[in-house]
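Structural features, examined
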Amino acid sequence: LLDRQDELSESDYYTALEFASRSLTEYIVYRGMIINKIKGLDKTQSEDSIHNIIVPRYRTYRAGREYDQYYSNNVWLLDDKFMAYDTVLSERTMKDVMDEVGEGIEHDEKKRPDIAIFLSADPVKSQGVDVVIVELKKYGISLAKQEEVESQLRQRARIILRAYPKKINRMWYYGIAEITSEFADALLERKYRPLFSKGLAFYNQIDVMETETRAMYPIDVCIMNCDAFINDAEARNDVFLEFLRKRMQSFASDDSK
């Protein structure tokens, strides 16, 4: 029905509308359950628990495959626009990440970014691709470990640029970590700007050098705490939930007349 929506009869149109409404309602309610599940986690424990909720570890997801991947791959928690991914890699090596971009360059990088997302196009076939890298840190760690998240994001950027400096359109790097007052001050000293958020989130565009040519490339970096990550996702999803509530109330009101 969706594939031939320009040719739908009135009966088919209402059938498709009802089916779509039920499916979207189910998905929005599911997203609310995922958010509540994350809220119930102990943030001082290993980051693996929250990692597995965002994207199960050691998995790869590709656009156009089984629809139920959208019930196990929750990259929308970071930003709804990331649902338009081409490929998502969860805790795969940097070699795996770079193999997604192209072949022909020898590399043996065993470091593992927590989550890598390719947007906008097939990374092998396209002339340029957008990349998102996500690093997670558990709570209760030292200031030095908190600051390590930014260092890791820079390292990931250098590795990708070293292999494919001309194939990357833009790179977004996300660090999710505890942000103590000392870490917040350190980020402000480095020219990070606070973002509008229901937690703590800071943004900066920084330059990373490609080691062979010494050329500098800008990358976008966002570092947020778990409150920002969870509460911002909940706020976005609540917009849809509130719309559903009001629609259901209006139907109930119409039925009572």
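None of these values were measured; they are calculated from a predicted model. (Residues numbered from 1 in each chain as written. Predicted model: local features only at pLDDT ≥ 70, side-chain atom pairs only at ≥ 80, totals over all residues. Heavy atoms only, no water.)

**What to know about the sheet that holds strand E1 (residues 60-62)**
Taken in spatial order, the 8 strands of this open sheet run E1-E2-E3-E4-E5-E8-E7-E6, and their pairing is mixed. In this open sheet, the two edge strands, each paired with only one partner strand, are E1 and strand E6 (193-194). Sheet topology places strand E2 (residues 85-90) next to strand E3 (residues 115-119); 5 bridges connect them, and they run antiparallel. Note that in E3 the partner of threonine 87 across the bridge is phenylalanine 118. (Pairing = 2+ DSSP bridges. Helix = DSSP H or I, 4+ residues; strand = E, 2+ residues; numbered from the N terminus.)

**What about the pattern of salt bridges?**
Throughout the structure, instances matching the rule amount to 15 salt bridges. Close ionic contact of arginine 57 with glutamate 91 constitutes a salt bridge, the shortest N to O distance being 2.9 Å. Of this pair, arginine 57 sits in the loop between helix H2 (48-54) and E1 while glutamate 91 sits in the loop between E2 and helix H3 (94-101), and the two are 34 residues apart along the sequence. A residue is classified by how much of its surface remains accessible, and arginine 57, at 21% relative accessible area, is partly exposed. As a salt-bridge pair, aspartate 80 and arginine 236 come within 3.1 Å of each other at their nearest N and O atoms. Here the residue aspartate 80 occupies a position in the loop between E1 and E2, and arginine 236 occupies one in helix H6 (residues 226-256), the gap between them amounting to 156 residues. Look at aspartate 80 and you get partly exposed, because its relative accessible area is 25%. Members of the salt-bridge network, linked through shared partners, are Arg31, Asp80 and Arg236. (Salt bridge = Lys/Arg side-chain N within 4 Å of Asp/Glu carboxyl O. Buried < 20%, exposed > 50% of the residue type's maximum accessible area, 1.4 Å probe, protein only.)

**Structural notes on the confidence of the model for the chain**
In the predicted model, the chain carries a mean pLDDT of 83, and the fraction of residues at 70 or more is 86%. Considering each helix and strand of the chain separately, the mean pLDDT is smallest for H3, with a value of 77, and largest for E6, with 96. (pLDDT = per-residue confidence, 0-100.)

**Let's talk about a nonpolar patch on the surface**
On the surface, Tyr13, Tyr14 and Leu17 cluster together to form a nonpolar patch covering roughly 320 Å² of accessible area. Positionally, tyrosine 13 belongs in helix H1 (residues 10-39). For tyrosine 13, a relative accessible area of 41% translates into the label partly exposed. (Patch = residues over 30% accessible without salt bridge, like charges linked within 9 Å, V, L, I, M, F, W, Y side chains within 5 Å. Areas by Shrake-Rupley, 256 points an atom, 1.4 Å probe, with all protein chains shown as cover.)

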